[in-house]
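Report on the structure
Listed here are the chains, written in short residue letters.
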Amino acid sequence: NSLVMSRIAPAVEDEGTKLPKLTKLRVKDFPLPIHSHGKAKVRVMKVVRTEATHFCYEYSVDTTLFSPTYERVFTKDDNSELVATDTQKNTVYVIAKRTKADSPEQFAIDLVKHFISEYEILTGAQAVVRQVIWERAVVDGNEHDHGWIKKGPETNVAIAKLDREGGLSVTSKLSALTIFKSTQSGFADYLQDKYTLLPPCDERCLSTEMDATWTYSCDVGGGEYDFAGLRKTVVANLVKGIFGPSKGGVFSVSLQATIYDAGCLVLTESEDVKDIKIETPNKHYLPFRQLANLGETFEDDIFIPTDEPSGTIQCVVTRE
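Read on for an overview of the structure. (Residues numbered from 1 in each chain as written. Predicted model: local features only at pLDDT ≥ 70, side-chain atom pairs only at ≥ 80, totals over all residues. Heavy atoms only, no water.)

This paragraph deals with the overall build of the protein. A tally of regular secondary structure across the protein gives six helices and ten strands. Against the globule reference of 20 Å for 320 residues, the protein gives a C-alpha radius of gyration of 28 Å, more extended than a compact globule. For the protein, the spread of C-alpha atoms along the principal axes amounts to about 95 × 60 × 45 Å. In the protein, which comprises 320 residues, the proportion classed as buried is 35%. Nonlocal contacts in the protein, meaning residues at least 24 apart in sequence, comprise 64% of its contacts between residues at least 6 apart. Looking at the protein as shown, the accessible area adds up to about 20100 Å², and 53% of this sits on carbon and sulfur atoms. Taken together, the 37 basic and 46 acidic charged side chains of the protein have centroids lying 6 Å from each other. (Helix = DSSP H or I, 4+ residues; strand = E, 2+ residues; numbered from the N terminus. Rg over C-alpha atoms; globule rule 2.2 N^0.38 Å. Buried < 20%, exposed > 50% of the residue type's maximum accessible area, 1.4 Å probe, protein only. Contact = heavy atoms within 4.5 Å. Areas by Shrake-Rupley, 256 points an atom, 1.4 Å probe, with all protein chains shown as cover. Lys, Arg positive; Asp, Glu negative; His and termini not counted. Charge placed at Lys NZ, Arg CZ, Asp CG, Glu CD.)

Here's what the structure looks like:
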């Protein structure tokens, strides 16, 4: 019994003593070339109240902070000067209160500028801001002064990154713009071999859930840039490129050709856009030709919606 007691005795703490906590299991350190930390999905709604009308801005925000010094948090158990993720969350609400921003881009810029000016230890900061789109309700033909209807699944997205030495970069994105074109689309003359079952056609529906991402060829960090106005121009030209004129439209030889055409329209009409990436996963509407077996005639009118499996088509159109 005395032998057993001698073996377990060292694990018993004497009164007033405290054994160190076990904080690591590794026996060797390896390089840590990349690291960061942040807060995700911080949701905030801001209501701007004027005497005549109200304005609302709802965002979901991701913040990320960068500092080589923070390597010690990962490797040395040293949390000193670490800007906690809870602090980042609270900062989103503070800057939402202070900002005059009317776009996700400007809100993101204001956030990263705050982090860099507030914490000298940081070498960089990034904010991703996703805007929930609320449209004014229309009552008796007039826009309501404080009534809103949520639009979706389309969202406006902005990414701002500020490097203490390298400057500011801003990227804008339109996510999940869902479009449907009921005619003026075909697909033919593609390679056909023993694996091909798809028949060529010169009449079909075209649909996609588009993402469009663009960067800027000018300085947009001064606080006065009209991001909302440019976004309207970009979206208008994407829509025009896909659908064509309101009477008659434009024929789509392929989704590839159509999105390239739309991208060229954006660069032509928006000099401040440096480049635009367009991603268009297919949403298929398959002809229900089995109507003939049910005593009815298919007249390009009854379709089966599906997006699985889905073609994935993307391109980048640039000035350079």
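Here we come to helix 3 (residues 85-98). Over its 14 residues, helix 3 runs 20 Å from end to end, which matches the ideal 20 Å to within 8%, given 1.5 Å per residue. Among all positions of helix 3, only Gln88, Thr91, Val92, Ile95 and Ala96 are buried. All buried residues of helix 3 project into a common sector of 135° when viewed along the axis, lining one side. In this structure, the buried residues of helix 3 make contact with strand 1 (37-49), strand 2 (54-66) and helix 4 (104-118). (Expected span 1.5 Å × (residues − 1). Arc of directions from axis to C-beta.)

Taken across its 13 residues, strand 2 has ten buried, putting it largely inside the fold. Examined bridge by bridge, strand 1 and strand 2 share eleven bridges and lie antiparallel to one another. By the bridge assignment for strand 2, Met45 is matched with Glu58. With antiparallel pairing between neighbouring strands as the criterion, strand 1 and strand 2 make up a hairpin whose turn holds four residues. Bridging between strand 2 and strand 3 (residues 124-139) involves nine bridges; their strand directions are antiparallel. (Pairing = 2+ DSSP bridges.)

Ranked by internal contacts, the top residues of the largest apolar core, which has 55 residues, are Phe107, Trp214, Leu238 and Ile276. Residue contacts for Phe107: discarding those within four places in its chain leaves Val44, Tyr59, Val61, Val92, Ile95, Ala96, Thr99, Ala101 and Val129. (Core = buried A, V, L, I, M, F, W, Y, C linked by side-chain atoms within 4.5 Å.)

All right, on to empty space enclosed by the protein then. For the structure shown, the criterion picks out one cavity of 30 Å³ or more. Taken as a whole, the largest cavity holds about 50 Å³ of empty space. The wall of the largest cavity is formed by Lys46, Tyr57, Tyr59, Ala96, Thr99, Ala101 and Phe107. Per-class residue counts for the lining of the largest cavity are five nonpolar, one polar and one charged. (1 Å grid on protein atoms, 1.4 Å probe; cavity = no way out; pocket = protein on both sides within 12 Å on 5 of 7 lines; lining within 4 Å. Points joined across faces, edges and corners; volume = space filled by probe spheres on them. Nonpolar A, V, L, I, M, F, W, Y, C, P; charged D, E, K, R; others polar.)

Ordered by their spatial adjacency, eight strands build an open sheet running 1-2-3-4-5-6-7-10, and the pairing between neighbours is antiparallel. Strand pairing shows two members of the sheet lacking a second neighbour, strand 1 and strand 10 (312-318), which therefore form its edges. Pairs of neighbouring strands in the sheet enclose a mean axial angle of 20°, with direction left out of account. As defined by bridge partners, strand 6 (residues 206-216) adjoins strand 7 (residues 273-281) across six bridges and the pair is classed as antiparallel. Each bridged residue has a counterpart across the sheet, and for Ala212 the counterpart in strand 7 is Ile278. Packing of helix 3 onto the sheet brings it into contact with strand 1 and strand 2, and relative to strand 1 it is tilted by some 20°. Set on the sheet, helix 4 makes contact with strand 1, strand 2, strand 3, strand 4 (142-163), strand 5 (167-181) and strand 6; between it and strand 3 the angle comes to about 150°. (Axes fitted to C-alpha atoms, helices over the stretch in contact; angles between N-to-C directions.)

What follows concerns the side chain of His37. As for its position among the elements, His37 is in strand 1. In this structure His37 comes out as buried when scored by relative accessible area, which is 16%. Polar contacts involving the side chain of His37 include one to the main-chain carbonyl oxygen of Val83, which spans 2.7 Å. Among the polar contacts listed, one links the side chain of His37 to the side chain of Gln88, at a separation of 3.4 Å. (Polar contact = N/O pair within 3.5 Å; in protein donor to acceptor, adjacent residues only side chain to side chain.)

Further remarks concern the state of the cysteines. Under the criterion given, the structure shown has zero disulfides. Sulfur of Cys201: no disulfide; nearest cysteine sulfur belongs to Cys205 and is 9.8 Å away. Take Cys201: its relative accessible area is 28%, and that puts it in the partly exposed class. Between Cys264, a free cysteine, and Cys315, which holds the nearest cysteine sulfur, the sulfur-to-sulfur gap is 8.3 Å. (Disulfide = S-S within 2.5 Å.)

Within this structure, the stated rule accounts for eleven salt bridges. In this structure, Lys89 engages Asp86 in a salt bridge whose closest nitrogen and oxygen atoms are separated by 3.0 Å. With Lys89 and Asp86 both in helix 3 and three residues apart, the pair spans about one turn of that helix. We classify Lys89 as partly exposed; its relative accessible area is 26%. Judged by relative accessible area, which is 39%, Asp86 ranks as partly exposed. Linked through salt bridges whose partners overlap, the residues forming this network are Arg72, Asp78 and Glu81. (Salt bridge = Lys/Arg side-chain N within 4 Å of Asp/Glu carboxyl O.)

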